[in-house]
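# Remarks on the overall topology
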Amino acid sequence: MLTVGDKFPAFVKRAVVSVEPGKEFCTVTGDDMNNGRWSVFFWWPLDFTFVCPTEITAFNDYYDEFAKRNANLFGASIDSEYVHLAWRNSHPGLKNLKFPMVADTSKSLSEELGILEKTNKIAYRATYIVDPKGVIQHVSVNGLEVGRNVKEVLRLLDAFQTGELTPCNWEPGQLTLN
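Definitions and cut-offs
- Residues numbered from 1 in each chain as written.
- Predicted model: local features only at pLDDT ≥ 70, side-chain atom pairs only at ≥ 80, totals over all residues.
- Heavy atoms only, no water.
- Pairing = 2+ DSSP bridges.
- Helix = DSSP H or I, 4+ residues; strand = E, 2+ residues; numbered from the N terminus.
- Axes fitted to C-alpha atoms, helices over the stretch in contact; angles between N-to-C directions.
- Contact = heavy atoms within 4.5 Å.
- Buried < 20%, exposed > 50% of the residue type's maximum accessible area, 1.4 Å probe, protein only.
- Polar contact = N/O pair within 3.5 Å; in protein donor to acceptor, adjacent residues only side chain to side chain.
- Salt bridge = Lys/Arg side-chain N within 4 Å of Asp/Glu carboxyl O.

### Regarding the sheet that holds strand β7 (residues 136-142)
What the seven strands build is an open sheet, ordered β2-β1-β5-β4-β3-β6-β7; its pairing is mixed. Strands at the two margins of the open sheet, each flanked by one partner only, are β2 (25-29) and β7. Across the sheet, the mean angle separating the axes of adjacent strands is 25 degrees when strand polarity is ignored. Inspection of the sheet shows strand β3 (residues 38-43) paired to strand β4 (residues 71-77) by six bridges, in the parallel sense. Paired with V40 across the bridge in β4 is L73. Those strands touched by helix α4 (residues 81-90) are β1 (12-16), β2, β4 and β5 (101-103), and its axis lies near 150 degrees from that of β5.

Right under this line is the structure:
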């Protein structure tokens with residue numbers, strides 16, 4: 001599995017960005033991440049499941065907080081852009097997402113990241129925080145059954161963006177260990 005200090009892989013993938021007819025799809029590339037901004041890239045196992053929409057809607061609820069931190073936000077699974085669109089159209093909480101739902105149908109990116117579950121070849125719940133140079137600064141992987149905490153992802157992003165040593169349980173506004 002790629003980890004802290006590794007470069008996030010280059011990629012070209014299709015994504016769903018809207019439910020508006022004619023504007024549903026776009027191409028997302030690694031260059032979209034390496035644009036001088038931080039990036040948070042999170043994976044869910046499959047569309048049309050139970051835990052996944054709770055996470056996706058939580059990330060969307062905090063989208064503006066990521067934007068305030070000059071961070072791109074990307075979500076992805078191994079489902080196709082057409083499955084993503086069908087799910088967005090059928091699930092009220094997913095209709096107005098502000099970030100792209102990336103389709104890794106070939107599983108090439110999840111394979112390169114090393115986050116495919118071995119038996120069914122679906123992606124684990126992986127979260128990457130990538131710095132403006134494209135270097136992974138944080139990676140966490142949950143089993144398929146347990147959702148993550150978006151507030152903790154924001155806290156980690158804040159800590160990395162200080163560029164300083166942050167103690168255990170550090171919160172924004174607290175002193176660092178410089």
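### Notes on the environment of P45
Considering the arrangement of structural elements, one finds P45 in the loop between β3 and α2 (52-61). Separated by 78 residues in the primary sequence, P45 and A123 have C-alpha atoms spaced 4.8 Å apart. If sequence neighbours within four positions are ignored, P45 has contacts with C52, S77, I78, I122, A123, R125 and L144.

### Here we look at the side chain of T57
Take T57: it is sitting in helix α2. Look at T57 and you get buried, because its relative accessible area is 19%. In this structure the side chain of T57 is engaged in a polar contact, spanning 2.8 Å, whose partner is the backbone oxygen of P53. Setting aside its immediate chain neighbours within four residues, T57 contacts G93 and L94.

### Here's the deal with the pattern of salt bridges
Tallied over the entire structure, the rule returns nine salt bridges. Here K13 makes a salt bridge to D104, at a shortest N to O gap of 2.6 Å. Of this pair, K13 sits in strand β1 while D104 sits in the loop between β5 and α5 (108-113), and the two are 91 residues apart along the sequence. Overall, K13 belongs to the buried group, its relative accessible area being 8%. A relative accessible area of 0% means that D104 is categorised as buried. Among the charged side chains, a network of salt bridges with common partners joins E65, K68, R69 and D158.

### Side note on unusual backbone geometry
Backbone geometry places N70, a non-glycine residue, at a positive phi of 60 degrees. The topology assignment puts N70 in the loop between α3 (63-68) and β4. Even without a glycine there, the phi angle at K121 is positive, about 55 degrees. In this structure, K121 sits in the loop between α5 and β6 (125-130).

### Focus on the pairing of β1
As defined by bridge partners, β1 adjoins β2 across five bridges and the pair is classed as antiparallel. Looking at the pairing, V12 lines up with T29 of β2. Sheet topology note: the β1/β5 ladder contains three bridges and is antiparallel. For V16, the partnering residue across the bridge sits in β5 and is M101.

### A word on the pairing of β6
Burial within β6 is extensive, with six of its six residues counted as buried. The alternating pattern of β6 places R125, T127 and I129 on one face and A126, Y128 and V130 on the opposite face, and all of these are buried. Bridge count for β3 against β6 is four bridges, and the pairing is antiparallel. Looking at β6, one finds that V40 is bridged to I129. Two elements, β6 and β7, share six bridges in a ladder whose sense is antiparallel. The residue bridging Y128 from the neighbouring strand is V139, located in β7. Between β6 and β7, which pair antiparallel in sequence order, lie five residues; one of them, G134, sits at a positive phi of approximately 85 degrees.

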